[in-house]
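Coordinate analysis (summary)
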Amino acid sequence: MADLQSLQDIAPAAAPAAPVHVQKLDAQGRAYATGKRKDAVARVWITRGTGRILVNDKDFTEYFARPVLQMIVQQPIVASNRTGQYDIRATVSGGGLSGQAGALRHGLSQALTHYEPELRPVLKKGGFLTRDSRVVERKKYGKAKARRSFQFSKR
C-alpha cells in the first residue's frame, strides 16, 4: 500500500506545449520553401510586392498555359486572402506541367507559412501544406505495365 500511495503523490508530467511557428526569412527578407509533387520539385521564394509570379523567369500565365494549372498555383494565395501582396519567384524542374503546378502550390503554401505563421491554420485546413505522396508505380517484369498482364491467347 505504501508503494501505491507514493505513486499517487507523484504529479503527472505536463503535456508538451504546441510548437510555436516563427517567421523564417533570409538575409534579403525572403521566405523560402521547397514543394514536391510526383517527380516535380519547386523552389519558391516570396517577398512583399505587387503580386507578380515568375516561374523559371517567365510569367506564370505563360509557363502554365492551361487555366486549371493557373488556378492550382493561385489556390494558397486566394485561400489566405493575400492576392496582390507578394511577389513570387520559383524554379520548377522534373515531371510534367501538372506535377510542377502541384509542386509550386505546395512550395508556395510552405513559404507563406514561413513568411506569415498565422496563415498556417487556413492553409492546413485547405490541405495545401500536405505533400501529395502519390507517385507512379514501377513496371514489373513479366507484365506489360505496372499491373497489366500481356493479352492472353489460347493459340
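Owing to the predicted nature of the structure, the values given are computational and were not obtained by experimental measurement.

Remarks on the overall build of the chain
Looking only at helices and strands, the chain has 5 helices and 5 strands in total. Along the chain, from the amino end to the carboxyl end, the secondary structure elements read α-β-β-β-β-α-α-β-α-α. Against the globule reference of 15 Å for 155 residues, the chain gives a C-alpha radius of gyration of 23 Å, more extended than a compact globule. Its C-alpha atoms put the chain at 80 × 60 × 25 Å along the principal axes.

Some words on the pattern of salt bridges
Tallying each qualifying case throughout the model produces 7 salt bridges. The partner of Arg 147 in a salt bridge is Glu 137, and the shortest N-O contact between them spans 3.1 Å. Here Arg 147 is found in the segment after helix H5 (120-126), whereas its partner Glu 137 is found in the segment after H5, with 10 residues between them in sequence. The class for Arg 147 is exposed, based on a relative accessible area of 64%. On the basis of relative accessibility, which here comes to 38%, the residue Glu 137 falls in the partly exposed class.

Some details on unusual backbone geometry
One non-glycine residue, Asp 57, lies in the positive phi region at around 60°. Its location among the elements puts Asp 57 in the loop between strand E3 (53-55) and strand E4 (58-59). Residue classification places Asp 57 among the exposed positions, given a relative accessible area of 57%.

Section: helix H3 (residues 67-79)
Spanning 13 residues, H3 covers 17 Å between terminal C-alpha atoms, matching the ideal 18 Å at 1.5 Å per step. Restricting attention to buried positions, one finds in H3 the residues Leu 69, Gln 70, Ile 72, Val 73, Pro 76 and Ile 77. As for H3, its buried residues are in contact with E3, helix H2 (60-63), strand E5 (86-93), helix H4 (97-115) and H5. Looking at the residues trailing H3, positive phi occurs at Asn 81, about 55°.

Reading the values: rules and limits
- Residues numbered from 1 in each chain as written.
- Predicted model: local features only at pLDDT ≥ 70, side-chain atom pairs only at ≥ 80, totals over all residues.
- Heavy atoms only, no water.
- Helix = DSSP H or I, 4+ residues; strand = E, 2+ residues; numbered from the N terminus.
- Rg over C-alpha atoms; globule rule 2.2 N^0.38 Å.
- Salt bridge = Lys/Arg side-chain N within 4 Å of Asp/Glu carboxyl O.
- Buried < 20%, exposed > 50% of the residue type's maximum accessible area, 1.4 Å probe, protein only.
- Expected span 1.5 Å × (residues − 1).
- Contact = heavy atoms within 4.5 Å.

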